[in-house]
Number of protein chains: 2
Amino acid sequence: MVQPRSRLVRCIKFAAHAHTHPANCRPFSSQRDFPATTPLSVAHLISDEPVDNPGLVVVNGFIRSIRKQKHYAFASIGDGSSLKALQAVLAPHQAESLSTGTAVRLTGTWKPSPNSRDQSHELHIHEAGVEIIGTADPATFPLQKKYHSPEFLRTIPHLRTRVPFNSTLLRFRSDIVAATTQFFAQQGYTQTHTPIITSSDCEGAGEVFTVETAHKDKKVKDDDGSFFRSPKYLTVSSQLHLEALAQSVGNVWTLSPTFRAEKSDTSRHLSEFYMLEAELGFVDDMNEVMDLVEKLLRAITKPLPGSQVGKEILASHPTSRAHMIERRWHGMTNLEWPCITYTHAIKLLEATSRKFDHKPAWGLGLQAEHERFIAEMVGEGKTPVFITKYPKSIKPFYMLPSSISEKFETVDCFDIIVPEVCEIVGGSMREHRLEPLITSMQANGMIPLGSPSSLTDEQLGALKWYIDLRRWGSIPHGGFGLGFDRLLGYLAGVENIREIVTFPRWVGRCGC
Amino acid sequence: MVQPRSRLVRCIKFAAHAHTHPANCRPFSSQRDFPATTPLSVAHLISDEPVDNPGLVVVNGFIRSIRKQKHYAFASIGDGSSLKALQAVLAPHQAESLSTGTAVRLTGTWKPSPNSRDQSHELHIHEAGVEIIGTADPATFPLQKKYHSPEFLRTIPHLRTRVPFNSTLLRFRSDIVAATTQFFAQQGYTQTHTPIITSSDCEGAGEVFTVETAHKDKKVKDDDGSFFRSPKYLTVSSQLHLEALAQSVGNVWTLSPTFRAEKSDTSRHLSEFYMLEAELGFVDDMNEVMDLVEKLLRAITKPLPGSQVGKEILASHPTSRAHMIERRWHGMTNLEWPCITYTHAIKLLEATSRKFDHKPAWGLGLQAEHERFIAEMVGEGKTPVFITKYPKSIKPFYMLPSSISEKFETVDCFDIIVPEVCEIVGGSMREHRLEPLITSMQANGMIPLGSPSSLTDEQLGALKWYIDLRRWGSIPHGGFGLGFDRLLGYLAGVENIREIVTFPRWVGRCGC
């Protein structure tokens, strides 16, 4: 009954049926009469190994700029596949309706360029070779060829990615995600999808977003009328769920959206961001966790200098800044990363003559200004720096106390800080013993006091399941969370996270 | 100043500083005195090419079951890396405290097995070779070695992944994500991260979750007191944002969490699920979109029969069901996929003598029972089936009207249905023309009536930005969304989506 479909005519005919409707089996028509030649990307055409005599060339793209002279017009064409544009040579009458932003399909011949410094070839457009696909009225199109401030571009995130450097950043993110996926696959890690809607606030401190439906039902017994029957939040970290999975399949990772309802209006904070998290099972040496992050960061940074997207990032910045980015890549890939304890960091901060807005003191968190100083002094502004073993009192309930008896009470944890951007990674060993975990949760006011065995399920609350993980076959484990957008910003030399995230959300701002 | 750190001692010494604290620079201690030999995974040891004479073997894992005899005890050990367990041979006294679920570190010698049907070798445990890492009290551990119903396991999702087949499903998801990432990278697609918190309901119809903070501010002028200053929702699809990106960098894709607050309590619906979406720019033939999905699904299915995880899936089901899964893979990979129009599908449904709960009629949606009939009749229960060109009246506002003048008003869209699971993919060409889009939104009651140019920004509402995409350099484009969890269920022979998603959320249920 079923016949093979042809490539062009997908709708098959049911020959055995009397009610065959030929009209339904026609190919989907083209809206326009496009030429049959397969279009080539701009990146492909202008790559270092240019296409040799490709015959008839068709390119889809947008006019970045156009220069109209007496005998010729020169159009600069971009399609998002490369930072550089392709130069098209047209007759003046062909350029009449073209302006910045116009979407076009161009057909022409790929010829050596007589005097171009940038480009070995240019596209000479045929007489009928200009097809306007989408116009862009110069009187209203916001992205004219000129400098646009980041603040202005943030008001139009849906158009901002048309700016060549922002296209580069999109491809950069894609490349780094692919490299990350490959790295973890090679290491034998399982990629998981952890939940976004959760019952608990992992850190026990962060401001969370609540999730509800617009139309609540009437409250009845044992039911608060809400969709999930009890309050739910947007996840602040995948860690707790990853811990369950690390107990099941060994080493796991996830790259997942994460949410904080903090009202921070800074260049380093967003309400919605991607976090790369991994959890290692059967590990009781934090060095293994630290080694994994280091290996990962080195693996994804190493290809940058030789890659198209890496070259585009360097080409997008002024020379001195490009050099700084190269130094960041070099430090990430090739140099040793120093490591100091929190206690040592405090000593260094106390010993310096540098003035800080917040006075450093043992038992207080490190402020961005302190981290910047450490990155500069210990990492010499060139490499990431590990800071380990923070005081238990300023860290979340789930961290494992340091196992060597210390003068002060610390936990086995680490941050990685990088110059300027500060913290990009936080990791720790987790408290995998039942009673100490319950004691720690009690000390943090998360569950009522009393002997662990006397507490009811209700008293153990939303994290009863997490406590359960310690009841049967509990194993030593640890992991880390990496601020993925901050990392991308550091590697691309984009200091404000609002420029790295395509559709950024922060307090008061969730436009598109 | 900074000295290279050794592998074991990460904390560097600052020799130039008087206040060096040796205590901070000691290696992180082990909680236990584990042997130095690197542990091997169970999968590695019992693979088809078994490790030859590996010397001293250390394995971390959990007791799946234990059989105690007079002279020997036999323990079955799993670590989540494989469906099959490893057999360990112990002396009876070594097995005394071991029970199902106990986490152990075992040290022994890898020896040929005298009479095992399943396994060529077994691990003979040394005298001091049993280290109990985490106990599991048999009186309380819920996962004893016996059959557990899916309904019971759903009550303990945090422990469910310890069941061997559920570990397999985790590794299956990971492999398919990696294969998807590789496929799109090879096709030159850009992987993107689209926002989760959005201002609009893409489909214009679905029930959405709202997002808010627990503590609202006082309402003031131009401010409703909410965190984002106006109502926000969890995304129901990444499509609208992908459309913006396809206009910037060409072809794009994302694998993103998606949310529906529908109160559907079925085996095919969850409140939170992963959707794989792609959008193609400069495309006006829907065949290109359909070809891409087909190519993707064939590419990720093809390796299954030869892969570890594929073999484990087959081994987990009874023979007849395993054959059915193999037929699904074969149909997905090797057979032609038939394609019929919606109009044709309705004719087939009207012509059959089969009784349906919902009477099929042109202009009404296809119910699951209808899709099952089509999958059976047209796909012969063996292949996915494309159904194209649904009535405009039952499809979202953004779909492009079919371009051939049809007897009935249809849109250029397609679904892919598969046997039993029904719809797994929906795709369409998008309305890329400004005025028809506005007219369609008006017809759907999304914006007020009136000539497009007379509408104010406020009247255009939350989707003003989406309309904007059609104002400047608009291009023909189309794309699809694939229910990732449904696909995994279809390929793994797991019919209930609540078993495929590790921590499933549906109405009334969001436990862990």
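Above: the structure in question.
Residues numbered from 1 in each chain as written. Chains lettered and ligands numbered in written order. Predicted model: local features only at pLDDT ≥ 70, side-chain atom pairs only at ≥ 80, totals over all residues. Heavy atoms only, no water.

1. Looking at the environment of I125(A)
Residues and elements named next belong to chain A.
Move 1: Among the structural elements, I125 can be located in strand β5 (residues 121-134).
Move 2: Distance in space between the C-alpha atoms of I125 and D485 is 41 Å, their sequence separation being 360 residues.
Move 3: Among all residues touching I125, those that are not within four sequence positions of it are A88, V89, L90, Q94, L106, T107, G108 and V130. (Helix = DSSP H or I, 4+ residues; strand = E, 2+ residues; numbered from the N terminus. Contact = heavy atoms within 4.5 Å.)

2. Focus on the interface of chain B and chain A
Move 1: Between chain B and chain A, the contact holds 146 residues from the first and 146 residues from the second.
Move 2: Both sides together, the interface formed by chain B and chain A hides about 12,500 Å², and carbon and sulfur atoms give 59% of it.
Move 3: Taken together, the connections running from chain B to chain A amount to zero salt bridges.
Move 4: For the pair chain B and chain A, the number of links is 30 residue pairs in polar contact (both at pLDDT 80 or more).
Move 5: Per-class residue counts for the side of chain B that touches chain A are 65 nonpolar, 47 polar and 34 charged.
Move 6: As paired elements, strand β8 (residues 209-213) of chain A and strand β8 (residues 209-213) of chain B share five bridges and run antiparallel to each other. (Buried area = accessible area lost by both parts, 1.4 Å probe. Salt bridge = Lys/Arg side-chain N within 4 Å of Asp/Glu carboxyl O. Polar contact = N/O pair within 3.5 Å; in protein donor to acceptor, adjacent residues only side chain to side chain. Nonpolar A, V, L, I, M, F, W, Y, C, P; charged D, E, K, R; others polar. Pairing = 2+ DSSP bridges.)

3. Re helix α11 (residues 434-443) of chain B
Residues and elements named next belong to chain B.
Move 1: Among the residues of α11, those classed as buried are L437, I438, S440, M441 and Q442.
Move 2: Summarising the contacts, the buried residues of α11 are in contact with α13 (464-468).
Move 3: Positive backbone phi, approximately 70°, marks G445, located one or two places after α11. (Buried < 20%, exposed > 50% of the residue type's maximum accessible area, 1.4 Å probe, protein only.)

4. Brief notes about the pattern of salt bridges
Move 1: Under the counting rule described, the total for this entry stands at 36 salt bridges over all chains.
Move 2: Between E420(A) and R328(A) there is a salt bridge, with the nearest N and O atoms lying 3.1 Å from each other. Here R328(A) lies in helix α8 (residues 319-333) and E420(A) lies in the loop between β14 (413-418) and β15 (422-429), a separation of 92 residues in the sequence.
Move 3: For R328(A), a relative accessible area of 4% puts it in the buried group.
Move 4: As a salt-bridge pair, R470(B) and E243(B) come within 2.7 Å of each other at their nearest N and O atoms. One end of the pair, R470(B), is in the loop between α13 and β16 (477-483); the other, E243(B), is in helix α5 (residues 239-249), and 227 residues separate them in sequence. Pair check on accessibility: R470(B) and E243(B) agree, each one buried.

5. As for the sheet that holds strand β1 (residues 56-68) of chain A
Residue and element names in this part refer to chain A.
Move 1: Pairing is mixed in the closed barrel, where five strands are placed in the order β1-β2-β3-β5-β4. Across the sheet, the axes of successive neighbouring strands diverge by a mean angle of 55°, strand direction being ignored.
Move 2: Judged from the two bridges that link them, strand β3 (residues 86-90) and β5 form a sheet pairing that is parallel. Among the inter-strand pairings, V89 is bridged to a residue of β5, identified as H124. (Axes fitted to C-alpha atoms, helices over the stretch in contact; angles between N-to-C directions.)

6. A look at the pairing of strand β3 (residues 86-90) of chain B
Residues and elements named next belong to chain B.
Move 1: Burial within β3 is extensive, with four of its five residues counted as buried.
Move 2: In this sheet, β3 lies alongside strand β2 (residues 73-78) in antiparallel orientation, the contact comprising five bridges. Bridge pairing in β3 places I77 opposite L86.

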